[in-house]
Every structure is written in C-alpha cells, then in structure tokens.
Amino acid sequence: MKILLRATIAAFALTLCAASSSASLTPLEPLKEHSKGIREIIKVLDKRHYRNVVLDDRFSSLLLESYLEQLDPTKTYFLASDISEFQVWETTLDDELKAGDLDHVFAIYNRFRTRISERLAANITLLESDYSFDFTIEETLPLDPDARQWPATTEQADDFWRKRVKDSLLRLLLSDKEVEAARELLIKRYKNQQSLISQQSADDSFELYANAVAGIYDPHTSYLSPRTLENFQISMSLSLEGIGAVLQREDELTKVVSVVPGGPADKQGSLAPGDKIISVAQDNDGDTVDVIGWRLDDVVELIRGKKGTEVRLGVMSGKTEVSDEVQEISIIRDKVKLEGQAAKKQVITLPGSRENGGEEVRVGVITLPAFYMDFEAYRRGDKDYKSTTRDVFKLLNELREEEVNGVILDLRNNGGGSLYEATALTDLFIDPGPVVQIKHASQRVSRDQVARQSAMYNGPLLVLINRLSASASEIFAGVIQDYGRGLVVGSQSFGKGTVQVLTPLDSGQLKLTESKFYRVSGESTQHRGVVPDISFPSLYDVEEIGESSQDFALPWDHIHAAPHLRYDAVSPLLADLEQRHQSRVTTDFDWGLMLEELELIEKNRAIKEISLNREQRILLKSERENTLMTLANKRRSAKGETTYDTVEAWREAAEKDEEESAENKTDDDAEFDPASDPQLKESSYILLDYITLAREFNWNRQIAARIKAERK
C-alpha cells in the first residue's frame with residue numbers, strides 16, 4: 001500500500017530517525033492527555049467528518065496496516081516476526097481507541113525505535129570497519145518498496161542494508177567524493193539520525209498514531225499538534241520568509257510536492273515537483289548539512305530564514321529513480337507575495353490558414369497560477385485590493401484593445417485557492433447561473449455559489465489544465481465544460497474535490513473533511529477531477545501525483561444536476577477538433593520532442609532495481625546524458641543553430657538556459673518561444689481551429705434556418 005504523506009500537516013509528525021543504540025533508548029509511554037486526546041479526536045471525527053466510518057474490526061485491520069506503512073514504508077526496519085507479533089492486535093485496535101488505550105501502539109513504536117537504532121549502529125560499525133565494498137561485481141538493489149516484503153531473518157535484513165549502504169556510498173563516489181570522505185559523510189549522517197531519535201518524545205509517538213487514525217477517514221484529514229499547527233499556520237499565511245515550496249517526507253528524503261507560484265523557488269526556476277532535497281547550506285556558513293533521515297520540520301527550519309539571505313540546496317532530480325547527480329540550487333529567500341501569483345497575459349500570433357483567408361490570428365493567453373484575494377486590503381476598504389477576478393477583468397480589457405481573436409486561460413499548476421474567486425471569475429465568462437454544488441456531511445446540498453451578472457467576455461475561450469490543476473481550478477474548468485462555454489484541453493486534473501475545516505481540540509487542532517464539491521452537471525470533481533475535451537500527455541506521473549494516487553481518498557460519485565443553460569458551442573465541433581489536433585501533432589516537431597522526453601522519463605521511472613556496479617552506473621548516466629543531448633541537438637538543428645559536440649558543452653548550455661528561463665519568468669514582455677511549451681502552442685492552434693469551425697458551423701446553421709423558413 002502506498003502512503004502519500006500530507007505535505008504541511010501529517011508529514012511534520014513523521015519521525016523516521018535513529019538512536020545511538022537500542023539499549024540507551026528509554027521506552028516511550030502514553031500520557032493521560034494522550035488517552036483523552038485520542039478519544040476527543042474520534043468523537044469529533046464521528047460527529048463532523050463527511051465519511052461515515054464505523055470503528056469495527058475492518059477499521060482496526062486497516063489502521064494497523066496503515067500505521068506500520070507510515071512507520072516503515074520501505075519495509076526495511078521491522079522484521080517479519082515483528083509484524084506477526086503485531087497482528088495479534090489486528091482486531092482490537094478499534095476497541096482500544098474507544099477506550100483511549102494506547103499501550104499496544106506505543107509498544108509498536110518502541111519496537112520500531114529499537115529496530116532502527118540497531119540498524120544504524122550496524123551501518124556505522126560496517127563503515128568504520130576495514131570492510132571494502134566491491135563495486136566491480138554484479139549485484140543490484142531493489143527500488144520498488146511495493147514489491148518488497150519485510151525480511152524474514154536478520155541475515156536478510158543485513159544483506160539488504162549492506163547493499164543500501166553500498167548504493168549510498170556509490171552515489172557519493174559518482175558525485176566526485178573520495179572514498180574516505182564519502183564513508184565519513186555516511187557515518188555522520190547515521191549519527192545525526194541517532195541523535196534525532198534519542199530526542200523523540202511521547203508526543204511525537206502520539207501525533208504519528210493520531211494521524212494514522214485520521215488518515216483512514218481520508219488523506220486530507222489530520223491531527224495538528226501545537227508545534228505542527230504553528231508550521232501549518234505559517235505555510236497557509238504566505239508570510240513565510242523562505243523559498244516558497246511545499247515539502248513532504250518520503251522514506252528518508254525530503255520531497256518537493258509543489259513550488260508556490262511567484263515564490264523565490266519558482267522565480268529561480270530549477271526546483272520542480274518530485275525533486276528530493278538531500279542537503280542544505282547557508283550563505284553565511286560554508287558547511288553543507290546532510291538532511292537525509294531528518295524530520296521534515298527540522299529540514300523546513302533549516303531552509304527557512306530571513307528575507308534576502310541565500311540558501312543552497314543539494315537536489316536530486318525527481319525525473320529518475322537512479323540519478324547519481326546532486327545539483328546545487330541557490331535561492332534567495334523572500335516572502336511569498338500575492339503579486340508573485342498575479343495573473344499575467346501574453347499574445348501569441350499564429351500564421352493564417354486557408355480556412356481564414358491567410359489572415360494572422362492573435363491569441364490572448366492569461367496565465368493564472370492561483371485563485372487569490374487580498375482579504376486584509378478588502379477589509380480595510382482599499383479600492384485597489386488585488387484579486388484574481390479584478391486582475392483578469394483588466395487583462396481581458398487589455399486583450400480586447402489588442403484585438404485578439406480568442407483567449408486561453410492557462411490553469412496549469414494552479415493548485416486552487418479562494419473558492420469565492422473561482423466563483424467570481426466565472427461571472428466574467430458565463431451568464432447568471434449556478435457554479436458549484438456543495439454536499440455537506442449532513443447530506444444537505446447547497447448551491448449558494450452562483451454567477452450573478454452577464455458575461456463580460458463572450459468570445460472564443462479555451463481552458464488549459466494539467467495534473468497539478470486542483471480544487472478551485474477544477475471547479476472553474478468544470479463550469480466552462482458543463483456550460484459548453486469553451487474548450488477544456490490538457491491532461492486530467494488532480495481530483496481534489498473536498499473541503500476541509502480546522503476544529504480546535506484541548507491540545508492542537510484537527511483538520512477534517514466536512515463537505516464535497518460537485519459540478520453543476522452533478523458529477524463530483526473528487527478523485528476523477530476534470531477530464532479534458534481534448535487530452536494531452538501528462539508531464540507528471542499519475543500513479544504518484546493526484547487524488548487517485550492516495551490511500552483512503554473519498555470516491556467519485558454524482559448527485560442531481562443543477563439546472564443551468566448550455567451554450568452548445570463546443571460539442572458539435574469536438575470530433576473535427578480532435579481529428580485536426582491528432583493530424584497536426586503527428587508531424588509537429590516540438591510535440592514529437594516532448595513525447596521523446598516523456599518516453600525517457602517513463603523509462604527511468606520504470607526501473608525497479610539499480611546496479612551496484614560502478615561501471616554500469618557510469619554507463620547508465622552516460623546513456624541518459626547522451627540521450628538528452630541528442631534531443632537538444634535535434635531542437636537546435638531544426639532552428640538552424642550549432643549542435644553540441646560534447647556532453648560538457650551541452651551541460652554548460654543547459655545551465656545557461658535555466659538562468660535565462662528564470663529571468664524570462666519575471667519579464668512580462670518576454671517573447672513566447674513555441675519550442676519551450678509545445679502544449680501551449682498546440683492549445684493556440686486548437687483555439688484557432690475552434691474559431692474557424694465555429695464560424696463555419698454558425699454560418700451553415702443560419703443558411704439551414706433560412707432555407708427552412710423559405711420552404712414554409
């Protein structure tokens with residue numbers, strides 16, 4: 001079972017660390033307030049959560065499985081004998097929850113601390129010995145945790161960990177570390193983990209278990225201890241002086257979930273979802289801190305800092321499971337500001353076609369990274385307060401003055417935000433009518449979110465989405481699709497169709513799911529998301545990213561449709577639009593290169609085991625780099641530019657391109673490069689087809705109506 005830890009909440013509680021030795025660890029024991037706290041959590045969940053969960057033997061079995069997965073997701077610390085011992089409580093945890101009895105779950109947690117302590121001590125002993133790792137022999141390390149079983153014997157565990165340590169050592173050697181320096185770094189890493197686990201408290205154990213309980217209800221429900229609550233409030237306020245990235249714990253690594261639009265990391269341009277942060281360094285301190293195995297909140301504390309200061313991150317790419325390269329990314333800390341998330345526009349000029357008489361077509365593109373509103377300025381009565389709808393209104397007027405033929409609303413990577421703004425934005429594009437239905441835990445359905453005024457823009461419209469378009473983005477795209485007001489293209493969206501609220505507890509708070517979004521068609525956006533009218537290949541792994549990838553996610557379902565008008569402007573043209581799209585992309589050079597890059601990424605993701613032979617790893621790295629260089633040379637050759645002769649020349653140019661790309665992100669007047677974004681280019685051509693076909697369709701419909709009238 002795959003566990004996707006919640007980025008800013010449950011993940012803060014994950015404490016996969018280590019101790020100096022199991023003998024020195026004092027067993028943790030539940031406190032009276034923990035017993036009271038878990039009963040309070042169960043009571044609130046039973047009363048207010050959207051999902052009706054029965055605490056029975058099935059729940060107990062799921063809870064034990066989920067708890068063990070959260071503790072040891074890679075099945076590398078517990079032994080099979082431990083699991084067999086714990087399964088005695090498989091059908092009793094529900095009864096113990098009701099009674100507030102935490103003795104058994106604390107026993108599991110203490111066993112986990114013992115196992116990880118023993119393992120780290122053994123790893124240190126191995127590295128401090130004169131044992132020589134042989135990187136010339138043929139052996140492999142399995143990478144897929146879902147295919148692993150807990151080791152049956154200590155000998156099996158020892159052999160797996162010997163390979164894992166060997167892999168860590170080899171990665172450092174391939175990053176130009178000397179053998180002794182690499183061994184010392186690993187020893188330091190394991191000793192740091194020992195120190196961290198020795199500092200664990202009963203509160204840490206309680207928080208992890210409370211989150212395992214909450215996670216059975218759904219992946220967005222979680223317990224926030226007072227310490228975690230502080231981190232959560234900082235991240236939600238957007239006042240954090242840091243890099244502007246949402247992080248989560250995955251195995252022993254810190255993974256980038258998303259990059260906040262307009263934040264420092266977004267402007268720098270190199271950090272991407274899926275990347276793993278393995279080290280952190282400060283501008284005023286040359287020492288690099290290895291953070292593998294650290295608590296997430298401790299890593300966040302290192303990354304966070306004063307505005308204007310520099311943080312240097314050691315990052316492994318998320319595009320491959322076998323990356324041996326660590327890229328250093330330097331980011332200047334700053335506040336995440338609303339201005340950085342503001343809507344922006346550009347105009348793309350397309351050459352004319354035979355269908356439109358060879359006349360150039362101008363497409364306006366509005367990029368919307370988030371649904372935002374400056375509530376403080378609004379409350380102050382500031383007439384110039386910033387909001388999504390106000391900004392898009394101004395941009396639409398500017399595009400009208402620039403005489404664009406149609407508009408693309410780019411919602412890719414838009415993770416949502418203000419529901420009020422998502423509703424208000426629809427007012428610019430549709431006439432009065434319902435926007436979203438909300439079904440509450442009481443089963444009551446509300447339809448209070450409605451468009452109230454006549455549409456401000458009635459021209460051709462296309463909405464572009466991808467897998468990271470979530471929540472409010474999905475509501476907006478769903479409205480445009482259900483009303484038939486415009487085209488929705490791209491890849492299937494995230495599928496986050498639930499609403500959470502914070503509920504205070506005697507200690508900390510509970511974030512729980514209390515309602516669910518439904519489109520005016522009656523379909524939920526939950527789990528399934530929005531399926532585009534015309535689909536593009538996903539640039540993100542749908543098995544790892546999206547609501548459907550998470551355990552215990554609420555299912556898709558539907559309710560009665562809300563009465564709404566249909567513009568009927570899209571469905572008659574979809575078959576022709578799809579045919580033209582397929583015909584065009586089969587010969588489009590940039591689209592073809594994008595597919596080749598995706599094929600390479602998928603090939604790397606599919607690797608289930610990795611060689612521990614040094615020459616094989618060097619060969620694998622060389623093959624990957626040469627493939628990427630070949631793709632870059634294809635693009636350059638098509639433009640008539642000089643191709644790269646060596647990988648070194650390609651690397652230098654790639655670094656320079658990243659710097660220029662980061663500069664262009666802050667330049668509103670930067671010229672659109674079709675090669676850099678084949679999906680936006682193709683969306684522009686689809687909109688052009690739509691404009692042409694709609695004109696023909698309406699003309700033919702008028703002729704048919706005239707003939708019918710004349711016959712009468």
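You'll find the structure just up there.
Everything quoted here is computed from the prediction, not taken from an experiment.

Thresholds, definitions, all that
- Residues numbered from 1 in each chain as written.
- Predicted model: local features only at pLDDT ≥ 70, side-chain atom pairs only at ≥ 80, totals over all residues.
- Heavy atoms only, no water.
- Pairing = 2+ DSSP bridges.
- Helix = DSSP H or I, 4+ residues; strand = E, 2+ residues; numbered from the N terminus.
- Phe/Tyr/Trp six-rings, centres within 6.5 Å; stacked < 30°, edge-to-face > 60°.
- Buried < 20%, exposed > 50% of the residue type's maximum accessible area, 1.4 Å probe, protein only.
- Salt bridge = Lys/Arg side-chain N within 4 Å of Asp/Glu carboxyl O.
- Axes fitted to C-alpha atoms, helices over the stretch in contact; angles between N-to-C directions.
- Parallel < 35°, antiparallel > 145°, perpendicular 65-115°, else oblique.
- Left-handed = near helix turned anticlockwise from the far one by under 90°.
- Contact = heavy atoms within 4.5 Å.
- Expected span 1.5 Å × (residues − 1).
- Polar contact = N/O pair within 3.5 Å; in protein donor to acceptor, adjacent residues only side chain to side chain.

(A) Region of interest: the pairing of strand β4 (residues 245-250). Of the pairings in the sheet, the one linking β4 to strand β5 (residues 253-259) comprises 6 bridges and is antiparallel in character. Looking at β5, one finds that Val246 is bridged to Ser258. Hairpin remark: β4 followed by β5, antiparallel, with 2 residues in the connecting loop; positive phi at Asp251, about 55 degrees.

(B) A look at the packing of aromatic side chains. Tallied over the full model, the rule gives 14 aromatic pairs. Measuring from ring centre to ring centre gives 6.4 Å for Tyr109 and Phe112, while their planes differ by 50 degrees; the resulting arrangement is tilted. Residue Tyr109 and its partner Phe112 are located together in helix α6 (residues 103-128), separated by 3 residues, close to a single helical turn. Tyr109 sits in the buried class, given a relative accessible area of 0%. Aromatic side chains Phe160 and Trp161 sit 6.3 Å apart centroid to centroid with 90 degrees between the ring planes, which places their arrangement in the edge-to-face category.

(C) Just the pattern of salt bridges, in detail. This model, assessed by the stated rule, comprises 37 salt bridges. One salt bridge connects Lys516 with Asp557, and the closest N-O pair in it is separated by 3.1 Å. Of the two residues, Lys516 sits in strand β19 (residues 509-518) while Asp557 sits in the loop between β20 (534-535) and α17 (574-585), which places them 41 residues apart along the sequence. A residue is classified by how much of its surface remains accessible, and Lys516, at 2% relative accessible area, is buried. As a salt-bridge pair, Arg635 and Glu597 come within 3.5 Å of each other at their nearest N and O atoms. Of this pair, Arg635 sits in helix α19 (residues 614-638) while Glu597 sits in helix α18 (residues 589-605), placing them 38 residues apart in sequence.

(D) Just unusual backbone geometry, in detail. The phi angle at Lys75 is positive, at roughly 55 degrees, despite the residue not being glycine. Inspection of the secondary structure assignment puts Lys75 in the loop between α3 (57-71) and α4 (80-86). Backbone geometry places Gln443, a non-glycine residue, at a positive phi of 80 degrees. Within the secondary structure, Gln443 sits in the loop between β14 (433-440) and β15 (445-451). Under the relative-accessibility criterion, Gln443 is labelled partly exposed at 45%.

(E) The arrangement of the packing of helix α2 (residues 32-48) against helix α9 (residues 202-217) in detail. For the pair α2 and α9, interaxial distance at closest approach is 11 Å and the crossing angle is 15 degrees. When the axis of α2 is compared with that of α9, the two are roughly parallel. The hand of the α2/α9 crossing is right-handed. Where α2 approaches α9, its residues His34, Gly37, Ile38, Ile41, Ile42 and Leu45 are matched on the opposing element by Ala202, Asp203, Phe206, Ala210, Val213, Ala214 and Tyr217.

(F) Just the sheet that holds strand β17 (residues 487-490), in detail. In space, the 6 strands of this open sheet follow the order β11-β12-β13-β16-β17-β20, with mixed pairing throughout. Bordering the open sheet on either side are β11 (344-350) and β20, each of which pairs with just one other strand. The strands touched by helix α16 (residues 472-482) are β13 (406-410), β16 (461-465) and β17; relative to β16, the strand with the most contacts, the crossing angle is about 140 degrees.

(G) Representation of helix α7 (residues 154-174) within the structure. Here α7 spans 30 Å end to end across 21 residues, near enough to the 30 Å set by a 1.5 Å rise per residue. The buried fraction of α7 is high, at 16 of 21 residues. Looking one or two residues past α7, Asp176 carries a phi angle of roughly 75 degrees, positive in sign.

(H) A look at the environment of Tyr109. Along the sequence, Tyr109 and Glu29 sit 80 residues apart, while their C-alpha atoms lie 9.9 Å from each other. A polar atom in the side chain of Tyr109 sits 3.1 Å from the side chain of Gln200.

(I) Up close: the packing of α3 against α6. Between α3 and α6, whose axes approach to 11 Å, the crossing angle comes to 25 degrees. If you check the angle between α3 and α6, you find them roughly parallel. Remark: the crossing between α3 and α6 carries right-handed chirality. Taking contact as the criterion, the partners of Leu64, Tyr67, Leu68 and Leu71 in α3 are, on α6, Val105, Ile108, Tyr109 and Phe112.

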